[in-house]
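# Summary of structural features
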Amino acid sequence: MVIFGGGGDLTRRLLVPAIYNLVGAGLLDEGFSIIAVDWSDLDDERLREQLTQTMREFVAKRRASAAALNEENWDWLSQRISFLRGAFDDAKTYQTLSSLCGVGNCVFYLAVAARFFAPIVAQLEAAGLTRETESRFRRVVVEKPFGSDLASAKALNAQLLNVLDESQIYRIDHYLGKETVQNILALRFSNGFFEPLWNRQNIDHVQITAAETVGVEKRGRFYETTGALRDMVPNHIMQLLAMVAMEAPISFDADAVRDEKSKVLAAVHELAPGDVVRGQYTEGSIAGRPMPGYRGEPDVSPDSETETFVAMKLTIDNWRWAGVPFYVRTGKRLTTRKTEIAIHFKSAPYALFRDTPVEQLTPNIMVMQIQPSEGVTMQFSAKVPGPTVKLGGVRMKFDYADWFQEGPSTGYETLIYDCLIGDATLFQRADNVEAGWAVVQPALDAWSDGHSTLHPYAAGKAGPDAADALLARDGRHWLRLN
Ligand code: BG6
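Residues numbered from 1 in each chain as written. Predicted model: local features only at pLDDT ≥ 70, side-chain atom pairs only at ≥ 80, totals over all residues. Heavy atoms only, no water.

## Side note on the overall build of the protein
For clarity, the threshold we go by: In this description a helix means any DSSP run of H or I spanning at least four residues, a strand means any run of E spanning at least two, and both kinds are numbered starting from the N terminus. In this setup the radius of gyration rests on C-alpha atoms only. A globule is expected at 2.2 Å times the number of residues raised to 0.38. For each residue, the accessible area found with a 1.4 Å probe, counting protein chains only, is set against the maximum for its type, and the residue is called buried under 20%, exposed over 50%, and partly exposed in between. Areas reported as accessible are Shrake-Rupley estimates using a 1.4 Å probe. Residue values count occlusion only from the protein chains shown. Charge counting treats Lys and Arg as positive and Asp and Glu as negative, with His and both chain ends excluded. Charged groups are reduced to one reference atom each: NZ for lysine, CZ for arginine, CG for aspartic acid, CD for glutamic acid.
Secondary structure summary: the protein contains 14 helices and 17 strands in total. Taken against the 2.2 N^0.38 rule, which gives 23 Å for 482 residues, the C-alpha radius of gyration of the protein at 24 Å falls within 12% of a compact globule. By principal-axis analysis of the C-alpha atoms, the protein measures approximately 80 × 50 × 45 Å. Residue burial in the protein is summarised as follows: out of 482 residues, 53% are buried. A total accessible area of about 22200 Å² is found for the protein, and carbon and sulfur atoms account for 52% of it. For the protein, the separation between the mean place of its 50 positive charges and that of its 61 negative charges on side chains is 4 Å.

What follows is the structure, given as structure tokens:
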């Protein structure tokens, strides 16, 4: 595995720990090795020292039972890591790589800024490194952001496909590495009782929430030109929506799954500018701690117009979902960290309970909790014990931790392993990426023409009031964030 950006943050924080976990699971071959390519001032020894340090911190954060570095596994891996100092645009880097890679299988992992994706791939091709034969594969993993709008995503796909076959390209969306996201398909399609209800006859609407308490941290420069919509919606949110809304694929084969995602994403109506609310956090506090406003964050312009929150209404134009709104909200510095998908079912005909006060009638909601809680809850009405008939809202909860002993995971293990074994099911195909961008493009166009209002919200709130108004106009409201 050749990691471009091998001296960087992603490699240290996620890729190497994930690969270490794969060693622990016994899933790597003897012949496995890593070449970390970067321009930083490192060598084999210093890179290994740095990584050993991060790995010790990484395992220390785990549960007590797994809180020590497994020296044998780490030795096995660290001895296989070497450093290649080189510029990404220098042909010499690729000549050296060519001799290092020899005739073996290679995964080229682009853990670099997006502007390097196409140049690196072009250099790999020029050096003959992307050529596959009967006995060797050559694959390229592309991180996000995959373009910054529909046109740039298409251009990047064209550049990649100019030198690679689609089957060689693994576009990562780290949301698909989450167990709880993968579980959506298991839940829907390995059980008998959800799917018959999963349609416009029984579902009133769906709410998708990806709320964070963190701000932009040290990524001000990146975020200023990105904003919440580009950062989260065409990729992560669209993947969640596709998992919830797609038809059953005929198998777990990569193309069978991605075909179904493509179909449902193509049926999502383009986002009308009037159906999206933009917000930006101002000073506030979270859990009693004062927080600066977005405009006071490092590398952020004091009069920035970048949104840190979006809420929107999406609709899907097919037989299963016509008339069922999918409301989405995502933002930074919100009340609480919570990613979840809430399926709001239509209410029963309340004939028997016509005299029951409305507030006693609990809506039927099934919530798929993606993080940090991991599980599924169902909310419904039950009879309150006592001599009179009175209803009360109750909740039934499945929690992963109660049932399964989860192995240590960064969320990247499955993705890396799947790439090594050539299973692209959890990676995005070119058309999936473009379909995500196509949905949001009309809103991006309207915003670039200056047609948008930026609604402030204090850090620690659930977003701007305008987000509530978006649902209120349909007679609905968001689930509480905390
Ligand atoms: C990244 C975004 O893709 O996803 C970040 O660039 C965001 O801004 C992150 O914080 C959220 O991921 P997770 O796994 O913490 O929900």
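## Structural notes on the site of the ligand
Let me state the cut-off plainly: Here, proximity means that at least one heavy atom of the residue falls within 4 Å of the molecule or strand. Definition of a polar contact: a pair of N or O atoms within 3.5 Å, with one able to donate and the other able to accept a hydrogen when the atoms are protein atoms, and with sequence-neighbouring residues admitted only if both atoms are side-chain atoms. Classification convention: Asp, Glu, Lys, Arg as charged; Ala, Val, Leu, Ile, Met, Phe, Trp, Tyr, Cys, Pro as nonpolar; all other residues, Gly among them, as polar.
Around the ligand sit Lys-144, His-174, Tyr-175, Lys-178, Glu-212, Arg-219, Asp-231, His-236, Lys-332, Arg-337 and Gln-371, and that is every residue in its neighbourhood. Asp-231 places a side-chain nitrogen or oxygen 2.6 Å from an oxygen atom of the ligand. Contact with the protein chains removes 81% of the 390 Å² of surface that the ligand exposes when unbound. In the shell around the ligand, the residues fall into one nonpolar, three polar and seven charged.

## Quick notes on the packing of helix 6 (residues 150-163) against helix 13 (residues 430-448)
Operational definition: Only the stretch in contact is used when a helix axis is fitted, and all axes are lines through C-alpha atoms; the angle between N-to-C directions ranges over 0 to 180 degrees. The cut-offs work like this: below 35 degrees is roughly parallel, past 145 is roughly antiparallel, 65 to 115 is roughly perpendicular, and the gaps in between are oblique. Definitions for this section: a left-handed crossing has its near helix turned counterclockwise from the far helix by less than a right angle. A right-handed crossing has that turn clockwise. Contact criterion: two residues are considered in contact whenever any of their non-hydrogen atoms come within 4.5 Å of each other.
Where helix 6 meets helix 13, the closest approach of the two axes is 8 Å, and the angle between their N-to-C directions is 165°. Here helix 13 runs roughly antiparallel to helix 6, going by the angle between their axes. Regarding helix 6 and helix 13, the two cross each other, and that crossing is left-handed. Along its contact with helix 6, which presents Leu-150, Ala-153, Lys-154, Asn-157 and Leu-161, the element helix 13 presents Ala-430, Val-433, Glu-434, Trp-437, Ala-438 and Gln-441. When the residues that make up the contact of helix 6 with helix 13 are grouped by side-chain class, the tally is seven nonpolar, two polar and two charged.

## Overview of the sheet that holds strand 6 (residues 169-171)
In plain terms, the rule: When DSSP finds two or more bridges between two strands, those strands count as paired.
Taken in spatial order, the six strands make up an open sheet running 3-2-1-4-5-6, and their pairing is parallel. Only two strands of the sheet have a single neighbouring strand rather than two, namely strand 3 (81-85) and strand 6. Looking at each pair of strands side by side, their axes are set apart by 20° on average, direction ignored. Note: strand 2 (residues 34-38) against strand 3, five bridges, orientation parallel. Along strand 3, the bridge assignment pairs Ala-36 with Phe-83.

## Focus: helix 4 (residues 91-101)
Two residues of an α-helix separated by three or four positions point the same way, owing to the 3.6 residues in each turn. Short version of the rule: Think of the arc as the fan of directions from the helix axis to the C-beta atoms.
Buried within helix 4 are the following residues: Thr-93, Tyr-94, Leu-97 and Cys-101. Across the axial projection of helix 4, the buried residues extend over an arc of 90°, all falling on one side. Exposed side of helix 4, more than 90 degrees from the buried face: Lys-92, Gln-95 and Ser-99 are the residues found there. Where helix 4 is buried, its residues meet strand 1 (2-4), strand 2, strand 3, strand 4 (106-110), helix 5 (117-126) and strand 5 (138-142). N-cap assignment for helix 4: the residue whose side-chain oxygen lies 3.0 Å from the backbone N of Lys-92 is Asp-90.

## Examining the nonpolar core
For clarity, the cut-off: Nine residue types can take part in a nonpolar core, namely buried Ala, Val, Leu, Ile, Met, Phe, Trp, Tyr and Cys, and a core is a set of them joined through side-chain atoms within 4.5 Å.
In terms of nonpolar packing, the biggest core is built from 144 residues, with Phe-4, Leu-77, Leu-97, Leu-314, Phe-326, Ile-341 and Ile-343 touching the most fellow members. In terms of residue count, the dominant contributor to this core is helix 9 (residues 227-245) (12 residues). Setting aside residues up to four positions removed in sequence, Phe-4 forms contacts with Val-37, Phe-88, Tyr-94, Leu-97, Phe-108, Tyr-109, Leu-110, Ala-111, Val-112, Ile-120 and Leu-124.

## What to know about the UniProt feature "active site" (unreviewed entry) in the protein
To be explicit about the condition: UniProt positions are given in the numbering used here, feature names are shortened, and annotations may be inferred rather than shown by experiment.
Residues given the UniProt feature "active site" (unreviewed entry) here are His-236. Take His-236: it is sitting in helix 9. Relative accessible area serves as the criterion here: at 2%, His-236 is assigned to the buried category. Beyond its immediate chain neighbours, meaning those up to four positions away, His-236 contacts Lys-144, Asp-173, His-174, Tyr-175 and Asp-231.

## Looking at the state of the cysteines
Rules: Cysteine sulfur atoms are paired as a disulfide whenever they fall within 2.5 Å.
Counting across every chain of the model gives zero disulfides. Sulfur of Cys-101: no disulfide; nearest cysteine sulfur belongs to Cys-106 and is 3.3 Å away.

## Some words on the confidence of the model for the protein
Stated precisely, the cut-off is as follows: The quantity known as pLDDT measures the predictor's confidence residue by residue, on a range of 0 to 100.
Residues at a pLDDT of 70 or more form 99% of the protein, whose mean pLDDT is 95. In the model output, the complex is listed with pTM 0.96 alongside ipTM 0.99.

## Regarding the pattern of salt bridges
Note the cut-off: Whenever Lys or Arg places a side-chain nitrogen within 4 Å of a carboxyl oxygen from Asp or Glu, that contact is recorded as a salt bridge.
Counting across every chain of the model gives 26 salt bridges. A salt bridge links Arg-48 to Glu-45, with the nearest nitrogen and oxygen atoms 3.5 Å apart. Here Arg-48 and its partner Glu-45 are both found in helix 2 (residues 44-60), three residues apart, which amounts to about one turn of the helix. Look at Arg-48 and you get partly exposed, because its relative accessible area is 21%. When its relative accessible area of 47% is taken as the criterion, Glu-45 is described as partly exposed. Close ionic contact of Arg-320 with Glu-195 constitutes a salt bridge, the shortest N to O distance being 2.8 Å. Taken as a pair, Arg-320 in the loop between strand 11 (309-314) and strand 12 (326-331) and Glu-195 in the loop between helix 7 (179-189) and strand 7 (203-211) lie far apart in primary sequence, 125 residues in all. Connected through shared salt-bridge partners, Asp-255, Arg-258, Asp-259, Arg-429 and Asp-431 make up one network.

## A look at the side chain of Arg-320
Relative accessible area serves as the criterion here: at 15%, Arg-320 is assigned to the buried category. Among the polar contacts listed, one links the side chain of Arg-320 to the backbone oxygen of Trp-198, at a separation of 2.6 Å. The contact partners of Arg-320, leaving out residues within four places of it in the chain, are Arg-188, Glu-195, Trp-198, Asn-199, Arg-200, Ala-245 and Glu-247.

## Describing the pairing of strand 7
Strand residues, when the strand is regular, have side chains that alternate between the two faces of the sheet. For strand 7, a buried count of eight out of nine residues is recorded, marking the element as mostly surrounded by other parts of the structure. In terms of strand pairing, strand 7 meets strand 13 (residues 338-345) through eight bridges, oriented antiparallel. The residue bridging Ala-211 from the neighbouring strand is Lys-338, located in strand 13.

## Points about the UniProt feature "binding site: NADP(+)" (unreviewed entry) in the protein
In the numbering adopted here, UniProt assigns the feature "binding site: NADP(+)" (unreviewed entry) to Lys-144. Within the secondary structure, Lys-144 sits in the loop between strand 5 and helix 6. Here Lys-144 is in contact with Phe-117, Ile-172, Asp-231, Asn-235 and His-236, once residues within four sequence places are set aside. A polar contact of 2.9 Å, which involves the side chain of Lys-144, links it to the side chain of Asp-231.

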